[in-house]
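Below, each chain spelled out in residue letters.
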There are 2 protein chains.
Amino acid sequence: MKLLLIGFGVVGQGLAEILRDKGAQLEQAHGFSATIVGVVTASKGSLYRADGLDIAALLAAAQSGCFDAYPEQAGLRRRLPAGEMIAAGSADVLVEMSPTNLESAQPALAICHQALDAGLHLALANKGPVALDYANLRDKARAKGLQLRYEATVMAGTPTMQLAEEALAGCEIRSARGILNGTTNYMLTQMEGGLSYAEALAQAQALGYAEADPSGDVEGWDAAGKVLILANALFGSSLAMADLDVSGITQISAADIAAAAAAGERYKLIAQATPAGGAVKARRLPLSDPLASVSGSTNAITLETDLLGDVTLIGAGAGKLETGSAILSDLLAIQRNARA
Amino acid sequence: MKLLLIGFGVVGQGLAEILRDKGAQLEQAHGFSATIVGVVTASKGSLYRADGLDIAALLAAAQSGCFDAYPEQAGLRRRLPAGEMIAAGSADVLVEMSPTNLESAQPALAICHQALDAGLHLALANKGPVALDYANLRDKARAKGLQLRYEATVMAGTPTMQLAEEALAGCEIRSARGILNGTTNYMLTQMEGGLSYAEALAQAQALGYAEADPSGDVEGWDAAGKVLILANALFGSSLAMADLDVSGITQISAADIAAAAAAGERYKLIAQATPAGGAVKARRLPLSDPLASVSGSTNAITLETDLLGDVTLIGAGAGKLETGSAILSDLLAIQRNARA
């Protein structure tokens, strides 16, 4: 399987490390073998080689901050734009891992459409295209017999989408509600431990969980992007961000947390999707709710089903190998289904 | 898909109800359509009809306690033994739902081998054959290009095996530890609420969770059967019951529960499998462990993985539709993979 990677930050490097370290094992267990033929980045440059790039050299060049450090190789082309790499025709799958833009989904969205038009399967860690243009991407992929996969967009490699769409295929899912933003869950957990909102935020920033501008996390927009993806994928909704009822944790004080604790409850930022719509809101949960005991940066989701009642999945929501493994799982599924 | 059902108790009736009520939906969503061609039971009799039995009449006859109540129909044969139904050659899948026997796995095991020999796929809710003879069944199925599925044997329809074997396919699983017996978890939860062991047991029996002879649950044997299945399936172990370190909750007193609570901990009956072996033991867990907050008859499992860290799945561990849906999910997978 020949891969074209858009973005080579934490997730892309995680994927490359997994392919480097588990290559032999994946070949043996799943008959899976992948070659990276192209990498496009905004800040490090771009590399393309139809016969495949050297993963160790690619990782070393990325560590140096610039692909100029990648050694010369026969057939290597530098600074080729994504469109030309797609047009060159050697890739099977486009892996979109550039930063999420929840306003226009660009430039990733245009590249995704171009890739489908050219006959490439898609695997996304970037939430923008699936949050904002799911129906068009899905329809185009179906029409061309291609696969659209996005396990990494919700709960990193914790297999939320495979659980909902494949393992629970015989059930009807009636709602999804979860803790889908690790930064805010970490902050709420720290506030339960006695920190103020400002102290919890400073700590999340120091640990690299929260950005210098934390609004995407603390105001609920990151979780809202995931609600759109779940609503699109599970319920065939065509909701836009403006249709969601979104608030974050900025208004939650230490006193609120203490009052909840005194009542045997916990505040959690709950992202929720049903066939009727979606919301992101800080809610007080009783301790008996499986989501109430999910602490730190861990994520979790509860799917309400017709035959099985509630099914809850708890796991990592971010991280280098954790998110890289989501892309791997999509690639394995693409191979499995392409054979079917 | 033509089904031969062995056993028609709670699980079989749950499956039949699902096929009756969701038939059209399954046909539309998955191109799936199933016919029951035979049903063999120990107490109600047996029915066989190559062109398919009427599900509503079958359920009504089962309710009456005896298949004699099933109306005459062209081609209907009564009291045919399982072996003759298999030999008759019209079934595609044998669904084994007779009561679990963890000593010899018989008579189910012989029927399973006979079915594989005759070219039928297997879907099991009966734990015996997969706990005691997994490697032989798997090897025979592989050699004949048949599928061996057993989602219902661990956590009912909560998709434990699909999670471990398919959704986490790219990860290495290092251990599995879970609450896999709902009866004992219900009892421990009631004891935390102040009941004595005897009172909790009486309540579990009154609710139908525990048998008149509760030893299979309270001494850990039911959970141990599931440990064998997990060890066989996830780690390729060939453990026997005697290799496991098994104890139950019979030695746990109200005072133990109170002492754990005072230390911020909870007793749970933890079933554990690693490549090195397996155990079932009541353990004190800190409240921060996702398994600690799983209460009542709910089941849960934590899979420790190389790439994703811990992944925890929480859901129903028993129930009519809950277990019936596990069989449905196996049948959907059989259809999906048979096309591949």
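All values reported here derive from a predicted model rather than from experimental measurement.

Asks: Would you mind showing me how to read the pattern of salt bridges here?
Replies: When the charged atoms of two side chains with opposite charge come close together, those side chains can pair. In the structure shown here, the tally under the stated rule is 32 salt bridges over all chains. Notably, a salt bridge pairs Lys127(A) with Asp222(A), separated by 3.3 Å at the nearest N-O pair. Linking Lys127(A) in helix H5 (residues 127-143) with Asp222(A) in helix H10 (residues 221-235), this pair joins segments that are 95 residues apart in sequence. Residue classification places Asp222(A) among the buried positions, given a relative accessible area of 15%. A salt bridge links Arg266(B) to Glu192(B), with the shortest nitrogen-to-oxygen separation between them at 3.2 Å.

Asks: Please explain the sheet that holds strand E5 (residues 93-96) of chain A as it appears in this structure.
Replies: Within a sheet, neighbouring strands are paired by backbone hydrogen bonds and run either parallel or antiparallel to one another. Residue and element names in this part refer to chain A. Sheet architecture is open: 7 strands sit in the order E4-E3-E2-E1-E5-E6-E7, paired in mixed fashion. Each of the sheet's edge strands pairs with one partner strand only, and the pair in question is strand E4 (77-78) and strand E7 (148-149). Pairing of strand E3 (residues 46-48) with E4, which is carried by 2 bridges, proceeds in the antiparallel orientation. Bridged to tyrosine 48 within E4 is arginine 77.

Asks: Just checking my understanding: could you explain the sheet that holds strand E12 (residues 299-305) of chain A for this structure?
Replies: Strands sit in the order E9(A)-E11(A)-E10(A)-E8(A)-E12(A)-E13(A)-E13(B)-E12(B)-E8(B)-E10(B)-E11(B)-E9(B) across an open sheet of 12 strands; the sheet is mixed. A single partner strand is all that each edge strand has here, and the edge strands are strand E9 (245-246) of chain A together with strand E9 (245-246) of chain B. The pairing of strand E10 (residues 265-274) of chain A with strand E11 (residues 277-286) of chain A spans 10 bridges and is antiparallel. Residue pairing for E11(A): Ala271(A) is matched across the bridge by Val280(A). Of the strands in this sheet, E10 and E11 of chain A touch helix H11 (residues 254-262) of chain A, which is tilted by about 95° from E10(A). Sitting on the sheet, helix H11 (residues 254-262) of chain B touches strand E10 (265-274) and strand E11 (277-286) of chain B, and the angle it makes with E10(B) is about 95°.

Asks: I tried to follow the packing of H5(A) against H10(A) on my own but got confused; where do I start?
Replies: When two helices pack together, their arrangement is given by the angle between their axes and by how far apart the axes lie. Residue and element names in this part refer to chain A. Close contact between H5 and H10 brings their axes to 8 Å; oriented N to C, the two are set at 50°. As summarised for this structure, H5 and H10 are arranged oblique, according to the angle between their axes. For the element pair H5 and H10, the recorded crossing hand is left-handed. Contact with H5, carried on its side by Lys127, Val130, Ala131, Leu132 and Tyr134, involves Asp222, Gly225, Lys226, Leu228, Ile229, Asn232 and Ala233 of H10 and no other residues of that element.

Asks: Help me understand the side chain of Lys44(B) in this model?
Replies: Residue and element names in this part refer to chain B. Relative to the helices and strands, lysine 44 is located in the loop between strand E2 (35-40) and strand E3 (46-48). Of the side chains bearing the opposite charge, glutamate 17 lies closest to the buried lysine 44, which forms no salt bridge; the N-O distance is 12 Å. Among the polar contacts made by the side chain of lysine 44, one reaches the main-chain carbonyl oxygen of phenylalanine 8 at a distance of 3.0 Å. Ignoring sequence-local partners within four residues, the contact set of lysine 44 consists of Phe8, Gly9, Gln13, Ala62, Gly65, Cys66 and Phe67.

Asks: Mind showing me how you'd approach the interface of chain B and chain A here?
Replies: With 37 residues of chain B at the interface, the matching set in chain A holds 37 residues. Summed over both sides, the interface of chain B with chain A buries roughly 2,800 Å², with 61% coming from carbon and sulfur. When the area that chain B buries against chain A is broken down by residue, the three leading residues are Leu307(B), Leu308(B) and Ile314(B), summing to 21%. Our count for the contact surface shared by chain B and chain A stands at 2 salt bridges.

Asks: Teacher, can you tell me more about the packing of aromatic side chains here?
Replies: Two aromatic rings, taken as a pair, are described by how far apart their centres are and by the angle between their planes. Residue and element names in this part refer to chain A. Tallying each qualifying case throughout the model produces 6 aromatic pairs over all chains. Ring plane angle 90° and centroid distance 5.8 Å describe the contact between tyrosine 134 and tyrosine 150, whose orientation is recorded as edge-to-face. Separated by 16 residues along the polypeptide, tyrosine 134 in helix H5 and tyrosine 150 in the loop between E7 and helix H6 (160-167) bring together distant segments of the chain. Arranged with centres 5.0 Å apart and planes meeting at 75°, the rings of tyrosine 186 and tyrosine 209 form a pair that is edge-to-face. Separated by 23 residues along the polypeptide, tyrosine 186 in helix H7 (residues 182-192) and tyrosine 209 in the loop between helix H8 (197-206) and helix H9 (215-218) bring together distant segments of the chain. A residue is classified by how much of its surface remains accessible, and tyrosine 209, at 35% relative accessible area, is partly exposed.

Asks: Explain the pairing of E12(A) to me, please; I cannot follow it from the model alone.
Replies: Regular strands have side chains that alternate between both faces of the sheet. Residues and elements named next belong to chain A. Burial within E12 is extensive, with 6 of its 7 residues counted as buried. With 6 bridges connecting them, strand E8 (residues 173-179) and E12 associate as antiparallel partners. Each residue of the ladder has a partner; that of serine 175, found in E12, is glutamate 304. When E12 meets strand E13 (residues 309-315), the two strands line up antiparallel, connected through 7 bridges. Its bridge partner being in E13, alanine 300 is matched across the sheet by isoleucine 314. The turn joining E12 and E13, which pair antiparallel and follow one another in sequence, is formed by 3 residues.

Asks: I tried to follow the relation of the copies chain B and chain A on my own but got confused; where do I start?
Replies: The operation relating the pair of chain copies consists of a rotation about an axis and a translation along that axis. After a rotation of 180° and a shift along the axis of 0.0 Å, chain B superposes on chain A with an RMSD of 0.0 Å. Within this description, the copies of the chain are treated as partners about a two-fold rotation axis. Here 100% of the interface residues in chain B have copies in chain A that are interface residues too; the copies meet face to matching face.

Asks: Please explain the environment of Phe67(A) as it appears in this structure.
Replies: Residue and element names in this part refer to chain A. Structurally, phenylalanine 67 is set in the loop between helix H2 (55-64) and E4. Here phenylalanine 67 falls in the buried class, since its relative accessible area comes to 1%. C-alpha of phenylalanine 67 to C-alpha of serine 43: the two residues are 24 residues apart in sequence and 9.3 Å apart in space. Every residue in contact with phenylalanine 67, bar those within four places of it in the chain, is listed here: Phe8, Val39, Thr41, Lys44, Gly45, Ser46, Leu47, Leu58, Ala61, Ala62 and Arg78.

Asks: Is there a simple way to think about the pairing of E11(A) in this case?
Replies: All names here are of chain A. In this structure, E9 lies alongside E11, joined through 2 bridges in parallel fashion. The residue of E11 that forms the bridge with valine 246 is valine 280. Hairpin geometry of E10 and E11 is characterised by an intervening segment of 2 residues between the two adjacent antiparallel strands.

Asks: Could you clarify how one ought to interpret the nonpolar core in this entry?
Replies: Where a protein is soluble and globular, its nonpolar side chains tend to be buried together. Leu94(A) and Leu94(B) are the most contacted members of the largest nonpolar core, which has 230 residues in total. Discounting residues that sit within four places of it in the chain, Leu94(B) has contacts with Leu4(B), Ile6(B), Ile86(B), Ile111(B), Cys112(B), Ala115(B), Leu120(B), His121(B), Leu122(B) and Ala123(B).

Asks: Looking at this model, I keep getting lost on the environment of Ser64(B). Mind explaining?
Replies: Residue and element names in this part refer to chain B. Locating serine 64 in the fold gives a position in helix H2 (residues 55-64). Overall, serine 64 belongs to the partly exposed group, its relative accessible area being 47%. Along the chain, serine 64 and lysine 44 lie 20 residues apart, while their C-alpha atoms are 9.1 Å from each other.

Asks: Looking at this model, I keep getting lost on unusual backbone geometry. Mind explaining?
Replies: Phi is mostly negative for residues that are not glycine, and the peptide bonds are mostly trans. Look at the link from Gln106(A) to Pro107(A): it is a cis peptide, with omega at 0°. For Pro107(A), the position within the fold is in the loop between E5 and helix H4 (108-117). One non-glycine residue, Ala156(A), lies in the positive phi region at around 45°. Within the secondary structure, Ala156(A) sits in the loop between E7 and H6. Overall, Ala156(A) belongs to the buried group, its relative accessible area being 1%. One non-glycine residue, Met155(B), lies in the positive phi region at around 60°. Within the secondary structure, Met155(B) is located in the loop between strand E7 (148-149) and helix H6 (160-167).

What counts as what
- Residues numbered from 1 in each chain as written.
- Chains lettered and ligands numbered in written order.
- Predicted model: local features only at pLDDT ≥ 70, side-chain atom pairs only at ≥ 80, totals over all residues.
- Heavy atoms only, no water.
- Salt bridge = Lys/Arg side-chain N within 4 Å of Asp/Glu carboxyl O.
- Helix = DSSP H or I, 4+ residues; strand = E, 2+ residues; numbered from the N terminus.
- Buried < 20%, exposed > 50% of the residue type's maximum accessible area, 1.4 Å probe, protein only.
- Pairing = 2+ DSSP bridges.
- Contact = heavy atoms within 4.5 Å.
- Axes fitted to C-alpha atoms, helices over the stretch in contact; angles between N-to-C directions.
- Parallel < 35°, antiparallel > 145°, perpendicular 65-115°, else oblique.
- Left-handed = near helix turned anticlockwise from the far one by under 90°.
- Lys, Arg positive; Asp, Glu negative; His and termini not counted.
- Polar contact = N/O pair within 3.5 Å; in protein donor to acceptor, adjacent residues only side chain to side chain.
- Buried area = accessible area lost by both parts, 1.4 Å probe.
- Phe/Tyr/Trp six-rings, centres within 6.5 Å; stacked < 30°, edge-to-face > 60°.
- Least-squares fit on C-alpha atoms with pLDDT ≥ 70 in both.
- Core = buried A, V, L, I, M, F, W, Y, C linked by side-chain atoms within 4.5 Å.

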